[in-house]
Amino acid sequence: MVTNKLYLDYGSENEFSVRGYRLNYVKATLLVIFSVLTAGLAILPLYWKPNWLIYALFSEASTLNNASDVLIEDFYQRSFRRRLFKMEIKSDLTWNMLQQRLWRQINNDQMAEKVPTKDKSQPKIDLESINFDLDETGYHLHLLCFTFQKSIYIISSDGGSVAKLPSLSAGMTASEAVQNIKHGLSSQEVESRKGVFGPNELDINPKSIAQLMVQEVLHPFYLFQLFSVTVWFIDEYIYYSICIIVLSVFSIAWALYMTYSEQKKVISMTKGDFVIEVLRDSVVENIWQKDLVPGDIVIIPQRGCSMNFDALLLTGSCIVNESMLTGESVPVTKAPFSQASGNQAVYSEKSHAKHTLFSGTSVLQSRTYSNDHCYAIVINTGFHTMKGELIRSILYPKPMSFRLFFDAIMFVVFLLCIAMIGFVYTLVLMINRQKDLKEIILKPLDIITIAVPPALPAALNIGMVFAQRRLRNRKIFCVSPQRIDVAGSIDVVCFDKTGTLTEDNMTFKHLVTIDEVTNVLARETSDVKTLEPDSKLAIGISTCHTLTKIEGKIVGDPMDLKLFTASGWTYSEQGTGSGFDFDSLAPSVVSSPRTETGLVVEVGLVRQFPFSSEMQRMAVIVRDSRKNHYDFFVKGSPEKVAAMCKQFPGNFSQSLEYYANSGYRVLALAYRPLDSKMAWHKVHKATLNDLEQNLEFLGLLVFCNQLKRASAPVIHKLHAANIRSIMVTGDNIATAVAVARNCSLVRKNKQMRQFCTRDDVFNFAHKASSPSNSAFALSGHAFSALMEITDTAVLNRFLERTSVYARMKPEQKSELVEKLQNAGFYVGMVGDGANDCGALKMAHVGISLSELEASAASPFTSAIPDVSCVDKLIREGRASLVNSFATFKFMGLYSMIQFSSVVILYWYNTTLGDFQFLYIDMGIITALMLSMGRTEASGKISEFKPPVRLFNGVVFISLIAAIIAQFAAQCFSLFALMKFSWYTPVDPEVDVDVRDSVQGQENTAICYSSMLLYIVCAVGFSPGPPHRKHLITNYPYVAVIIILVLGQMVIMFHPESWTSFLDYSELVYIDSVSFKLIIIIISLLCLALLVVLDFYLLANKHQLPSPGDIRDSVAELCSRKSPVGKTGSKFDVSSASNCSPKSQAKYSSNSLPDYAVLAEEKFDGDLSNMSGVLVISSL
C-alpha cells in the first residue's frame, strides 16, 4: 500500500514529513469570495500558518506523484509549502549515474520510510518496487521533485518513496573516479548535469526591501497597532495616534535595516568566482568555477586556487589551508585518492578527508612529479559542498524558543482576556443606556486598545536601542537586538581556543634532556642552536615536522615552525642545495648552519607520518647524507612516546606532571636507527607498527601557548558569577587541557580525565560513578561516540563534567551547543573563524571576534579581538533583561491603570477627556518610556541571575499585586471623595455629549490618583543593583520623574497658576487639602508595596518558583520513594538524570540554584550534607 505521508531521516532532529496535496478549485473560489467580503482579513491567518493555507486551498492527494504541492512538517512542528516540479534529464549517462547513486542510498537506508503512525515497528520500503523512471517524452527523462532548504528531493514513480538528490561521491570507487581523467565529460553530459545539479553557486535568494517590509508590517503586533490607531482616528484622538505611527515607523525601519544588513553579510560569504582549467571533450578549457558540474575533471594550478567546489584529488598532491573547517591556519597535505586502498577503495567523506579538497578552503600549492598535471574530479557543487552546508546551517538554524518572547505573547493574551471583560462590560452599559450605534461600537473597541498598549513593541525596541548603543560604544556590534536580552540569561559560555583565548602562536620554552650520569631529566636548554648539528637531538628537532615551503616561505604547524626556527637550520625542497641524490621522489632537505670546523649536516625527509589525533603523535623517516641507513624519529604525546621506548628517565612522570601543572604544552622526542639493509621501497611500505619499537628516548620539548591578556580575568569573573566556561577547539587535546588550566577554566585542584578514543567513552559509560572532583576532556572522536549513546544519564554526566572539547569539527561544535541547549542551558559561543559559524548561529548568543565569515553567522561582533566582550555583553544583557521586565510591567500596569480609570468612569456615565488621554500618554508615559531604559549596566556580573521568565513567581506576583493595588487605590480615592460633604455627584442621566464636557469631581479624583500612580509605577519598576546601576545614575530619567512630580503637585495644589491647563484638561478645582493628601498617601503606599515586592524580594534572591516549576518538582518527588535513600544516603545530583529534561536541567550541578552552587564549592563538590536544603529550596 502506498501512503501519502512519508518521513525522511526518521528518528533524528533532521526528520521531516511530506504529504501531497492538489489544488481544489471549489475551496479556492470560496476563499477568494470570503477574502473579498472580509477586505482581505481572512488571508492573514493563512499567511501566518502555511499549513492552514494548504488546508484552505488544497485537497489531499492519493499519492505524492498525483500531487501538485507538498506540505512539509519538520522535527520542530514548523510547516512549509513547496511546489512540485519536473526535472529534465537529457543524458543516459547522467540518468545511469543517478540511478546507481540512488540505489546505493537505498542500500545504505537513506530513503524515506513509510511510517504513517511514526511507529518504529512499521516495515520499511519494499526496495524491489521502487522505480524512479517516471515518464519519457522523446529522448528526455523527467523526474518529479521538490526543493527544501536548498536540497532537491526526488519522488518515485509510484509516489511511495522520496530520496534526496544524491552526491556524485556516494559510493564512488577510485577506478570510477579516474575513468574520465583522459577526456573529461562531453558537452552533452555537462549540459545534462547542469540541468540536474544547477550552477555551482550559493544563491540564497535574499528578500527585497519590499518583501521584508510586508513581512514586518503583517506581524500581529503592528496589525493591532493599525487597529488601535484606526479606532483612535475615528474617535478623533489624533495627536497620540500620530505619535504611535511615528514610533511604529521607526521600529519597522530599524528592524528592516537589521535584517537587511544580516542578509548582506551572509551574501558576502557566498561571493567569489574564479577561473579554473577543466578537461572537457579531451580539451583543456578555462571556465568560471560557477560553470562546473559534478564529474568535471579540473586541473589544480601549481600556485594554488580558492575552492568553490568539493573535489577528490586524483593525481599529485596539494598543500591546503583548511582554516575554514578547523580554525587552525595550518597547511594540510592532500594525497591522491588512489593511494587510499587501491582502485577499489570506496569513497567516504569522513574516511578520505585527506584526499578531498573542500569548498571554502584554499589550495596554497599543488605538486606533481614527472611534469604531470594535478588532476581532481568535482564531486559536489553549490549547496551540496562543505561550504554550502555551512551556509545552509546559517540560513536554516535550529529554531530557538526564548521564554521571554513566549511569556510576552502570554502576557498580551492575559491583557486581552482582561480587555474582553471590559469589552463586554462596556457593551452592556452602552446598550442599556441606549447610546447611538457609533458609541456602542466605538467605546467597547476603545477599551481593548486601552487594555492592550499598542506602544508595547515600540517601548521594548527603545530599550534595546539604548542597550545596543551602549554595546556599540564598547566596540560590540549587534545585528539582532532581541539577543541582547537573551545574553542576560546565559548559563554556559563555550570558547574557541586559538585566536580567542590564546594568541595564534606557540612559543618554544626549552628542551629538557637526560643527565647521562643520573639518568634523569635534569638539563634545560633554551637555545637549541647550541646542540651539536650531528647529534640525534638536533637532527630530530630539525626533521620531525610536516613543514613545507610555499612561494619561498616556510609554512606549517605553528609549533613545528617555532621549533624549526629555533634550531637555526635551513629548509629546501626537491634536493635544491643538496649535493647528493635523495632518491627519485626528491624529498625535502634540511641543512645545519656551518660550524667552525666547516661541518654542514644535510638530512633528507624521505617519508612523513602526519600527526594523528588518534595516535597523538607524528613520525618521519630521514636519511643523513653522510650515512648509508635511514633513521626513524617520533614526536608526540609523552605518554605515548615513552611507551614505545626501551627505557625512559626515572623522573619522567614527575617532570611531566610538573610541566603540565605549570600550563605548558609538552612533547616527547624519540629515535631509532633503521637497518642499513632496508631499501627505499621497503621504507615506503613499512608500517608504524613495524617502526615504533625499541625507541631511544631523547628528551622533552616544552612549549608555552600565550594567553591573551583578557582571557584569565574574564574566566574568573564568569566563575564568580556561577557561569560555566567550556573550551571547544579544533586543536589537540593536550594543548587544550594545558590552556584550560592556565586560564583557570579548569581549577587547578581538579583532576582532568581525558577521553581520546571511542573505547574510552564506551568503557566509562558502564561505570556507575567517578570522582566528583574530576573534570573531563573529550576529543572529537570521543564526542562522536558520546553522541551515539542513548542513555540520557550518561550523556548528561558528560555534558555536566566536560570542560574541554578538542579536535572538534564545525558540525560537532554545533551539535555540542545543541545538546547543551537540550539539557536546559542558555548557551553563549565565542569564536573567530569560519569553522565556528554553525555553533555561533546555533547558540543562544554568538559572539564573533572576527569581522570575516564568523560575523555573518553571529548576532554579535566584537571589534576588540579578545574575550573581554563576554563580560561586557553579559552585564549589558542582564541590565537589558531587567529593563525588559520593567518595561513589560510598567506598560502593562499603565494600561491597567488607564483601563481601570475608564471602566470606573463609565459607571458614572463619564470618561477621560481627550486632553487628559493626551497628557497621560504623551506627557507622562512617553517621557518615562523614552528615558527608563537609559539606566546603565552594573560594574560587575552578579553571582545571581535575573529571572528569565516574565511569569516567574516574583515578577508575576509583583505585577498582579500592583494591578490589584492600583485598582484598589483608584476605588478608594473615589470612595474617599464621596465621604466629603462638599462632594457633588455627576447626574448619571445626563449624557456626556449633552453636557459637552467630562468635567466632574469623579473625573478629577480619578485623574489625580492615576497620574500619581503612573509615576509611582515607573519608580517602583526601575530596579537598580545587582544588575543595573542605581536609579539616580540615570539622570534623564530622574529629571523626568522630578518634573512630573512637581507638575502634578502644581496641578493639585496651585491650579490657579495653570488656568489654561485646567480649561484644556477639563479638571475641576477641588479645594480640600485633606482629600489631596489622602490621594498622595494612597500613592505612597502603592510605591511601598512595589518596593517591597520588586526590590526586597529580588535583591535578596527570594526567587519564587513558577507554577510549572512547582508542578515539575512535586511530580519528581512523588515519583521517588524518598528523597533520601533507604540507608539515609544523601541527595545525589546525578540521580536527576532519570528526570524529565526540564527537571534534569534544574537538578544538574551546573544549573542548581546559586546557593546550591556555593554550597558545592564549600563542600568540595560533595553535596551530601545539603540534601534536605536542596529539596526544600527547590520547592
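Every value quoted in this text rests on a predicted model; they were computed, and no experiment measured them.

Colleague: What should I look at first to understand the nonpolar core in this one?
Modeller: Note on soluble globular proteins: their nonpolar side chains tend to be buried together. Counting residues in each nonpolar core, the largest one holds 96 residues, and the members touching the most others are Y240, F890, M891, F899, I924, I925 and L928. Here the element with the most residues in this core is helix 30 (residues 868–907); it accounts for 15 residues. The residues touching F899, leaving out its near neighbours within four places in the chain, are I418, A419, G422, I447, I450 and A451. Counting residues in hydrophobic clusters, the runner-up holds 44 residues, among them C743, L849, L873 and I941.

Colleague: Please clarify how the environment of Q468 should be interpreted in this entry.
Modeller: Among the structural elements, Q468 can be located in helix 14 (residues 456–473). Between the alpha carbons of Q468 and Q482 there is a distance of 9.9 Å; along the sequence they are 14 residues apart. Setting aside residues up to four positions removed in sequence, Q468 forms contacts with W254, M258, C478, P481 and I484. A distance of 2.8 Å separates the side chain of Q468 from the backbone oxygen of C478, its partner in a polar contact.

Colleague: In this structure, what is going on with the packing of aromatic side chains? I would like to understand it.
Modeller: Both the distance between ring centres and the angle between the ring planes are used here to describe each pair of aromatic rings. All told, the structure shown has 26 aromatic pairs when counted by the stated rule. Ring centres 5.9 Å apart and planes at 40 degrees place the aromatic pair F224 and F227 in the tilted group. Residue F224 and its partner F227 are both found in helix 8 (residues 220–234); the two are separated by 3 residues, about one turn of the helix. F224 gets classed as buried once you look at its relative accessible area, which sits at 18%. Pairwise contacts between aromatic rings join F16, F80, F146, F148 and Y153 into one cluster.

Colleague: Just checking my understanding: could you explain the packing of helix 34 (residues 1001–1020) against helix 35 (residues 1035–1053) for this structure?
Modeller: Each pair of packed helices can be summarised by the angle the axes make with each other and by the distance between the axes. Contact pair helix 34 / helix 35: the axes reach a minimum separation of 11 Å and the direction vectors enclose 160 degrees. Between helix 34 and helix 35, the crossing angle belongs to the class labelled roughly antiparallel. Crossing geometry of helix 34 relative to helix 35 is assigned as left-handed. Residues Y1008, M1011, L1012, I1015, A1018 and V1019 of helix 34 touch helix 35, and the partners they reach there are Y1037, I1041, L1044, V1045, Q1048, M1049, I1051 and M1052. Grouping the amino acids of the contact of helix 34 with helix 35 by side-chain chemistry returns 13 nonpolar, 1 polar and no charged.

Colleague: I'm lost on the sheet that holds strand 36 (residues 774–778) in this one. Help?
Modeller: Two modes of strand pairing occur in sheets, parallel and antiparallel, and in both the strands are linked by backbone hydrogen bonds. If you walk across this open sheet you meet the 9 strands as 21-40-39-38-22-34-37-36-35, and the pairing is mixed. Among the strands making up the open sheet, the edge pair consists of strand 21 (476–478) and strand 35 (751–755). Across the sheet, the axes of successive neighbouring strands diverge by a mean angle of 25 degrees, strand direction being ignored. Across 2 bridges, strand 34 (residues 724–728) lies against strand 37 (residues 802–805) in parallel orientation.

Colleague: Sorry, what's going on with the side chain of S542 here?
Modeller: Tracing the chain through its elements places S542 in helix 16 (residues 536–543). In terms of polar contacts, S542 uses its side chain to reach the backbone carbonyl oxygen of A538, at 2.8 Å. For S542, the residues in contact, after removing those within four places along its chain, are F564, S567, W569 and V590.

Colleague: Sorry, what's going on with the pairing of strand 12 (residues 283–288) here?
Modeller: Note on strand geometry: in a regular strand, side chains alternate between the two faces of the sheet. Both strand 11 (residues 275–280) and strand 12 contribute to a ladder of 6 bridges, which runs antiparallel. Residue pairing across strands places E277 opposite N286, the latter belonging to strand 12. Hairpin connection of strand 11 to strand 12: 2 residues between the antiparallel strands, including D281 at a positive phi of 55 degrees.

Colleague: Would you mind going over the sheet that holds strand 16 (residues 317–321) with me for this structure?
Modeller: Ordered by their spatial adjacency, 4 strands build an open sheet running 14-19-16-17, and the pairing between neighbours is antiparallel. With one partner strand each, in any of the chains shown, strand 14 (305–306) and strand 17 (331–334) form the two edges of the open sheet. Two strands pair when backbone bridges link them, and strand 16 and strand 19 (residues 362–367) are joined in this way by 5 bridges, in the antiparallel orientation. Of the residues in strand 19, the one forming a bridge with S317 is R367.

Colleague: I tried to follow helix 22 (residues 711–720) on my own but got confused; where do I start?
Modeller: Among the residues of helix 22, S711, V714, I715, L718 and H719 are the ones counted as buried. Here the buried residues of helix 22 occupy an arc of 140 degrees about the axis, which is enough to place them on one side. Here the buried face of helix 22 lies against strand 22 (492–495), strand 33 (696–707), strand 34 and helix 30. Positive backbone phi, approximately 60 degrees, marks N722, located one or two places after helix 22.

Colleague: For this particular structure, what's the right way to read the confidence of the model for the chain?
Modeller: When pLDDT is low, close inspection of the predicted coordinates is not appropriate. Taken as a whole, the chain shows an average pLDDT of 78; of its residues, 80% reach a score of 70 or greater. Below a pLDDT of 50 lies the segment residues 575–586, which in the model reaches 22 contacts outside its immediate sequence neighbourhood of four places, other chains included. A low-confidence stretch, residues 1100–1179 (pLDDT under 50), is modelled with 113 contacts involving residues beyond four sequence positions or located in other chains.

The rules we used
- Residues numbered from 1 in each chain as written.
- Predicted model: local features only at pLDDT ≥ 70, side-chain atom pairs only at ≥ 80, totals over all residues.
- Heavy atoms only, no water.
- Core = buried A, V, L, I, M, F, W, Y, C linked by side-chain atoms within 4.5 Å.
- Buried < 20%, exposed > 50% of the residue type's maximum accessible area, 1.4 Å probe, protein only.
- Helix = DSSP H or I, 4+ residues; strand = E, 2+ residues; numbered from the N terminus.
- Contact = heavy atoms within 4.5 Å.
- Polar contact = N/O pair within 3.5 Å; in protein donor to acceptor, adjacent residues only side chain to side chain.
- Phe/Tyr/Trp six-rings, centres within 6.5 Å; stacked < 30°, edge-to-face > 60°.
- Axes fitted to C-alpha atoms, helices over the stretch in contact; angles between N-to-C directions.
- Parallel < 35°, antiparallel > 145°, perpendicular 65-115°, else oblique.
- Left-handed = near helix turned anticlockwise from the far one by under 90°.
- Nonpolar A, V, L, I, M, F, W, Y, C, P; charged D, E, K, R; others polar.
- Pairing = 2+ DSSP bridges.
- Arc of directions from axis to C-beta.
- pLDDT = per-residue confidence, 0-100.

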